[in-house]
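Fold and geometry: a report
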Amino acid sequence: MTSDLSTSADASTPPVFVTGSAGHVGANLVRRLLKDGTRIRVLLRNEDNNRALEGLEVERVFGDIRDLNAMRRAVAGCQGVYHVAAMISTIEGNRAYRRKVYECNVLGTRNVLQAAREAQAGRVVVTGSFSAVGYNLDNPSAPSDETMQFYPMERTMPYERSKALVEHECWRAVAQGQDVIVATCCAVIGGADYFPSRLGRTLCDYTGGKLRAYVDGGFEFVAARDIVEGHLLCMHRGRSGEKYIFSSEYKTISEILDLFEEVSGVPRPARRIPSHMMLAFSEVASFYLSRFHPDFPQRFTPGAIRLLKKCRHADTGKARSELGFQPTSIRAAVHEAYAFHYYQRNVITNPLAKRPSESAVRQAESSLANQGIPVSPGGGSM
Ligand SMILES: NC(=O)c1ccc[n+]([C@@H]2O[C@H](COP(=O)([O-])OP(=O)(O)OC[C@H]3O[C@@H](n4cnc5c(N)ncnc54)[C@H](OP(=O)(O)O)[C@@H]3O)[C@@H](O)[C@H]2O)c1
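Here is a short report on the structure shown in this document. Quantities reported herein were computed from a predicted structural model and do not represent experimental measurements.

What to know about the overall build of the protein
Counting its secondary structure elements, the protein contains 13 helices and 12 strands. A compact globule built from 382 residues should have a C-alpha radius of gyration of about 21 Å, and the protein, at 20 Å, falls within 12% of that. Projected onto its principal axes, the C-alpha coordinates of the protein cover approximately 55 × 50 × 45 Å. A burial count over the protein gives 57% of its 382 residues as buried. Look at the contacts in the protein between residues 6 or more apart in sequence, and 78% of them connect residues 24 or more apart. For the protein, the distance from the average site of its 47 positive side-chain charges to the average site of its 40 negative ones is 4 Å.

Below, the structure written as structure tokens:
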């Protein structure tokens, strides 16, 4: 995998700096940049799961975005920054947890921007979140565009508030003359999902028969390769000081389960739990878990259910018309994700779960190969 991805990197140009490179978006972004022949310096945390970077020829620096001096050392000599790192969460958490979300996301972004500014590292593309984009209060499912401001007057998750404040940090930096663009991301699905992500974990749990019911609602989903493309478009064609929303498609949870059934052959759950009932149940469970076991994985948190209930749609017109963004499909992204978890992570163990179909593998192969991720069916050595 190493040589395929790294041979064309030009050693004479300064590296591009990428934070969050071990995560889902970052791992896909790094592969695409390597494939394009870009020299990369990645920020990692020593003690964490950095499998996504194994075997890749990238320059590694270690540090935490909460540490300004570490960011100054990390970005020195780079030209171009993708600030992808963030602490993703859909729980309320206890006081210490919420403080960590704030410090990683808001202060961390402030540090990365300041360090990049001091180092004259050029354009910074910051990954934003669709949950920090506002919506029509009278009709939440009407498409939201970049002009709609985050609405802070209702119950929101600490993560959502933090991502809204991340944008404030960006616009403050722009006001100081810095070249910053926000690439707004929706719920990501796709390959190179090493942690795995929330959706990737749900797909694996689904194939293991652990998903017995589902809730109403839907959201905007983005294929990993589309959000990567969006970041590159921002870097090369975006207007400084602007925000662009990148999404592939709106899907209901029921439609996502149809796709899970299609890729895995495991029948989808028929039982639908109305979101108001699920919300009541999850409020109780989450109240206890958030306070006493904040690191316990919760699937349907009140915050996530509230978000799904709104059935929010995205208007990607600005990214399409200004940047030429052309999203692909969530169906293909689910096939890629399944092939990745099946062959690379070897976690699809249910004997009822089918091998990714030939056409699905071919489809995944071509798009994974486009990202520099080789697929070898049956081998586990993708
Ligand atoms: N995934 C989605 O569905 C989604 C939706 C909307 C927006 N986004 C945005 O997309 C971006 C990437 O998300 P993702 O899905 O790739 O997340 P992810 O898989 O959880 O990866 C997050 C990365 O950020 C790093 N990070 C977190 N806190 C850090 C800190 N204090 N110092 C250094 N690194 C830190 C993590 O490093 P460690 O490995 O060391 O923990 C990890 O590599 C985020 O900005 C997120 O807000 C994602």
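Remarks on the environment of G241
Along the chain, the position of G241 falls in the loop between α7 (224-237) and β10 (243-246). Given a relative accessible area of 24%, G241 falls into the partly exposed group. Placed 63 residues apart in sequence, G241 and Q178 show a C-alpha to C-alpha distance of 8.4 Å.

As for helix α12 (residues 330-344)
Counted at 1.5 Å a residue, the expected span for α12 with its 15 residues is 21 Å, and the 20 Å between its end C-alpha atoms agrees. With 14 of 15 residues buried, α12 lies mostly within the body of the structure. By the N-cap criterion, in which a side-chain oxygen at the helix start approaches the backbone nitrogen of a residue two or three places on, α12 is capped by S329, the distance to R331 being 3.5 Å. Positive phi appears at N346, one or two residues downstream of α12, with a value of about 55°.

Brief notes about the packing of helix α3 (residues 68-75) against helix α4 (residues 95-118)
Orientation of α3 relative to α4, taken along the N-to-C sense of each, is 45°, at an axis distance of 9 Å. As far as their axial angle goes, α4 and α3 are oblique. Helix-helix and strand crossings are classified by hand; for α3 and α4 the assignment is right-handed. In this structure, α3 uses L68, M71, R72 and V75 to contact α4, whose residues at the interface are N111, V112, Q114, A115, A116 and E118. By residue class, the composition of the contact of α3 with α4 is six nonpolar, two polar and two charged.

Section: unusual backbone geometry
The general pattern is negative phi for most residues beyond glycine and trans for most peptide bonds. Cis rather than trans, the peptide bond between F195 and P196 has omega equal to -5°. With respect to the helices, strands and loops of the structure, P196 is situated in the loop between β7 (187-189) and α6 (198-207). Even without being glycine, Q120 reaches a positive phi, approximately 50°. Summarising the element assignment, Q120 is placed in the loop between α4 and β5 (124-129).

What counts, and where the lines are drawn
- Counting of residues starts from 1 at the beginning of each chain's written sequence and follows it residue by residue.
- In keeping with the model being predicted, local features are shown solely for residues with a pLDDT of at least 70 and side-chain atom pairs are shown and tallied solely at 80 or more, while totals for entire chains, interfaces and linings include all residues.
- Side-chain metrics rest on all non-hydrogen atoms present in the structure, leaving aside hydrogens and water.
- Under the scheme used here, helices are H or I runs from DSSP no shorter than 4 residues and strands are E runs no shorter than 2 residues, and both carry numbers assigned from the N terminus.
- The globule rule used for comparison is 2.2 Å times the number of residues to the exponent 0.38, while the radius of gyration itself is calculated over C-alpha atoms.
- Burial classes: relative accessible area under 20% of the type maximum marks a residue as buried, over 50% as exposed, and values in between as partly exposed (1.4 Å probe, protein chains only).
- Only heavy atoms matter for contacts: two residues are in contact if any of them lie within 4.5 Å across the pair.
- The charge count includes Lys and Arg as positive and Asp and Glu as negative, but it does not include His or the ends of the chains.
- Where a charge sits is defined by one atom per residue type, namely NZ (Lys), CZ (Arg), CG (Asp) or CD (Glu).
- By definition here, a helix of n residues has an expected span of 1.5 Å times n minus one.
- Identification of polar contacts relies on pairs of N or O atoms within 3.5 Å, with a donor-acceptor requirement for protein atoms, meaning one able to donate a hydrogen and the other able to accept it, and with residues adjacent in sequence counted only if both atoms are side-chain atoms.
- Angles here are taken between N-to-C directions and fall from 0 to 180 degrees, while the axes themselves are lines fitted to C-alpha atoms, restricted in helices to the stretch in contact.
- Throughout, the term roughly parallel applies to angles under 35 degrees, roughly antiparallel to angles over 145, roughly perpendicular to angles from 65 to 115, and oblique to all others.
- Each helix crossing is assigned a hand: it is left-handed if the near helix lies turned anticlockwise from the far helix by less than a right angle, otherwise right-handed if that turn is clockwise.
- By the convention adopted, Pro, Cys, Tyr, Trp, Phe, Met, Ile, Leu, Val and Ala count as nonpolar, Lys, Arg, Asp and Glu as charged, and the other residues, Gly among them, as polar.

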